[in-house]
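What follows is the residue order along each chain.
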Amino acid sequence: MVNDTSLEFIREFKKNAESITNDIDRSKKYRAGIAALAQKAVETNDTTFLDAAVRFTEKIIDEHDRSKAFVDIVRGTARVAINTTDAELAGRSLELSANTEAGHDRSHALQGVVAAIADVGMKMNEPDTFENSKELAGTIEYDTYRSSTWRSIARTQHSNDDTPSAVESANKAMAIINKSKLIGQEIYRASAYVDLAKLYIDLGQESMARECIIKAVDSSAGLEDEFERSSIFQTIAETQIRMGVRTKNSGLLEDAVESFGYITREYYRTSTRQTLASVLSNLKENELVKRLA
């Protein structure tokens, strides 16, 4: 049964968009609206929003904007498929991904598709479907998204208590980042290593987690953009403190304080200082707390 509230939201959006007389501005309105519709679908698990979003793509003039609109639709569809364990929707997200441009957009879209197929396949106890998600992961062109997809698969395997397979998938994700020569911005590489560190900790692979954090620091230390550097070192420091507590490793606690020193933007410094100080105070690490001043 179609939700009347959903239909009213869609009608109101279309009315506002069609009232714009300039073709380019109207096209931009539809582009922005499709992103909003995809988000509404995820929030409500109501596919009415997604159906409307697909129809509205015809109103977008620029083909690049249309491709990115389909990325939002694909990822929204995949997310709803996960939320509702709907195999048909997961398949639909794959079909829709054909409307994205090859390269970045396709890679971004397929990242969500693989996550949906893997999650649904695992929940429905369909090994073949899950294996299909792994094959699809291998087709993703961009290294950052392909690595992220394998990390997603690893987390799905871990949630199903298959830690050995999860470690294998995590190792594939790490190998992609280690070998990639196509990652143009080091912050993307550093972010991947931090996420891998969090994953390895959850998998009980402390040495691998430590290796990833070291690689993340090495990738981040030379960042010239102050905001990027502060942002990534906030994440690094908070991950190190978490790892230190979990593994009872005082060296990681000291590493977290050292990483704090790379944070120069006040917003990030204040937030990170509060997080680290709270943890260190609970651990009675008063000397380390003093170094945060």
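Basis of the calculations
- Residues numbered from 1 in each chain as written.
- Predicted model: local features only at pLDDT ≥ 70, side-chain atom pairs only at ≥ 80, totals over all residues.
- Heavy atoms only, no water.
- Helix = DSSP H or I, 4+ residues; strand = E, 2+ residues; numbered from the N terminus.
- Buried < 20%, exposed > 50% of the residue type's maximum accessible area, 1.4 Å probe, protein only.
- Contact = heavy atoms within 4.5 Å.
- Areas by Shrake-Rupley, 256 points an atom, 1.4 Å probe, with all protein chains shown as cover.

Colleague: Explain the overall build of the protein to me, please; I cannot follow it from the model alone.
Modeller: A tally of helices and strands in the protein yields 15 helices and 0 strands. Overall, the protein is about 65 × 45 × 40 Å in size when its C-alpha atoms are taken along their principal axes. Taken across its 293 residues, the protein has 45% of its residues classed as buried. Considering only residue pairs separated by 6 or more positions, the protein has 61% of its internal contacts joining residues 24 or more positions apart. For the protein, the exposed surface amounts to about 14,800 Å²; the carbon and sulfur share of it is 47%.

Colleague: What should I look at first to understand the environment of Ser271 in this one?
Modeller: Structurally, Ser271 can be placed in helix 14 (residues 266-282). Taking the C-alpha atoms as reference points, Ser271 and Gln234, 37 residues apart in sequence, are found 8.3 Å from one another.

Colleague: What is the right way to look at unusual backbone geometry in this model?
Modeller: Glycine aside, the phi torsion of most residues is negative, and most peptide linkages are trans. At Asp161, a residue that is not glycine, the phi angle is positive and equals roughly 65°. Locating Asp161 in the fold gives a position in the loop between helix 8 (143-159) and helix 9 (163-179). Despite not being glycine, Lys248 shows a phi value in the positive range, around 55°. With relative accessibility at 76%, the residue Lys248 sits in the exposed group.

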